[in-house]
Amino acid sequence: MNYQIINSFINKLDPELAHSLAIQFLKNFYIPLFPSKDDEILKTTVLGKEFLNPIGLAAGFDKNAEVYDKMLALGFGFAEVGTITPKPQEGNLKPRVFRLIEDEAIINRLGFPNQGLAKIKSRIETKKADGILGINIGPNKDSTSRIDDYVECFKNFHNLCSYICINISSPNTENLRNFHEQENLKKLLSEILNTKKYLSSNTPVILKISPDINDADIDMICKNILEFNLDGLVLTNTSVKLRENLVNKKKNEMGGVSGTPIKDTSNLIIKKFFKILKKKVPIIGVGGINSGISAYEKIRAGASLLQLYTGLVYKGPFVVRAIKQELGELLRRDGFSSLQKAVGVDSE
Ligand SMILES: Cc1cc2nc3c(=O)[nH]c(=O)nc-3n(C[C@H](O)[C@H](O)[C@H](O)COP(=O)(O)O)c2cc1C
């Protein structure tokens, strides 16, 4: 059956119900369909790890680390689970996820619903990843010290994954984005990196940034990244802006918009960070990838690795294979002998 037919059925379901059905299907029935070998040109080494291809599953799809093994088997080069908080939490009231079909977008205000550190940790311990696993961490909504929450998650997860992603950019946990301010960011990074040192951990630490920032914010964040020797960045999370050109009547629902409407802003932010950081700090580019060309644009903007979520919802699981094939063709068309050589060529 063609995915368009399946999708027209899925589009009639409540988006959260459709998502939990997809997770149940992947958990219980999914048999890896596309174990084909990745094109050599897509192979890359980032964060000290070798990635067979640069296409990753973005945070939020597998919040409770239930299906990352299946997503890796589907052809993703890496998967990021979470956001995980220390205590389990329900998240915001439903409805809280909206599909804007005409705009190929999603607006969500989930607010980190997840089963909490203890349960998810034991799940990951019993299901070692055959591939590269990132763990995305955040604070509980009612936390008295958000920094302590990040530190607790770091301590529990650092030796169970290939990298830790510190999420300071969800718009759905009140004031979380205040960690984009100089003093708060410094304090957070110094606590996490002191913990890392204390634990003699070698796990790379990367930071996930909002697209709703200005040039002064970018300069300040870059200074801190370099000062603290952070290992990488994820650019970007969802946006609370970028609603003007949307057509769906749900366009003003509160929350973060993802998908096609944030693609250009995310690319611009990647270019700006790359221009300052060059290849010293690798960037994982995310926001609106749904084809080989949109993946290639992000590589040329300065991303060494990529992630997607909304593109998977609209295009279905075959999109991963299609992106990899098109990306390989585009790199060869333009005379690049490797993915790495194309990183940032458009950022000058
Ligand atoms: C329903 C939904 C839930 C998400 N949850 C998280 C999350 O828990 N943590 C996080 O860092 N990003 C989360 N994201 C953001 C994505 O990881 C990604 O940064 C963003 O959607 C842009 O990529 P896309 O256009 O490919 O979806 C979520 C996105 C969506 C659509």
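Residues numbered from 1 in each chain as written. Predicted model: local features only at pLDDT ≥ 70, side-chain atom pairs only at ≥ 80, totals over all residues. Heavy atoms only, no water.

Caption draft 1: A look at the sheet that holds strand β6 (residues 105-108). Across the sheet, three strands lie side by side as β5-β6-β11; this open sheet has antiparallel pairing. Both outer strands of the open sheet, β5 (97-100) and β11 (256-259), are each paired with one neighbouring strand and no more. Between one strand axis and the next, the sheet turns by 20° as a mean value, whatever way the strands run. Strand direction decides the pairing type here: β6 and β11, joined by four bridges, are antiparallel. What sits directly across from A105, in β11, is G259. (Pairing = 2+ DSSP bridges. Helix = DSSP H or I, 4+ residues; strand = E, 2+ residues; numbered from the N terminus. Axes fitted to C-alpha atoms, helices over the stretch in contact; angles between N-to-C directions.)

Caption draft 2: How the structure looks around the packing of helix α6 (residues 182-198) against helix α7 (residues 215-227). Their axes nearest at 11 Å, the elements α6 and α7 cross at an angle of 20°. Taken together, α6 and α7 sit at an angle that is classed as roughly parallel. Here the hand of the crossing between α6 and α7 comes out right-handed. Contacts between α6 and α7 involve Q182, L185, K186 and L189 on the former and, on the latter, M220, I221, N224 and E227. (Parallel < 35°, antiparallel > 145°, perpendicular 65-115°, else oblique. Left-handed = near helix turned anticlockwise from the far one by under 90°. Contact = heavy atoms within 4.5 Å.)

Caption draft 3: Quick peek at the pairing of strand β13 (residues 305-308). The alternating pattern of β13 places L305 and Q307 on one face and L306 and L308 on the opposite face, and all of these are buried. Here strand β12 (residues 283-286) pairs with β13 via three bridges, running parallel. By the bridge assignment, G285 is partnered in β13 with L306. Assessed by its sense of winding, the connection that carries the chain from β12 through helix α9 (residues 292-301) to β13 is right-handed. (Buried < 20%, exposed > 50% of the residue type's maximum accessible area, 1.4 Å probe, protein only. Right-handed = clockwise from strand over helix to strand, strands pointing away.)

Caption draft 4: Up close: the packing of aromatic side chains. Within this structure, the stated rule accounts for four aromatic pairs. Ring centres 5.6 Å apart and planes at 75° place the aromatic pair F61 and Y309 in the edge-to-face group. Of the two residues, F61 is situated in the loop between β3 (55-57) and α3 (68-73) and Y309 in the loop between β13 and α10 (310-315); the sequence distance between them amounts to 248 residues. On the basis of relative accessible area, F61 is assigned to the buried category, the value being 7%. Plain terms: the ring middles of Y150 and F179 are 5.7 Å apart, the flat faces sit at 85° to each other, and that makes the pair edge-to-face. Of the two residues, Y150 sits in helix α5 (residues 146-157) while F179 sits in the loop between β8 (163-167) and α6, which places them 29 residues apart along the sequence. Residue Y150 is classed as buried on the basis of its relative accessible area of 0%. Under the relative-accessibility criterion, F179 is labelled buried at 8%. Following the ring pairs from residue to residue traces out a cluster consisting of F51, F78 and Y163. (Phe/Tyr/Trp six-rings, centres within 6.5 Å; stacked < 30°, edge-to-face > 60°.)

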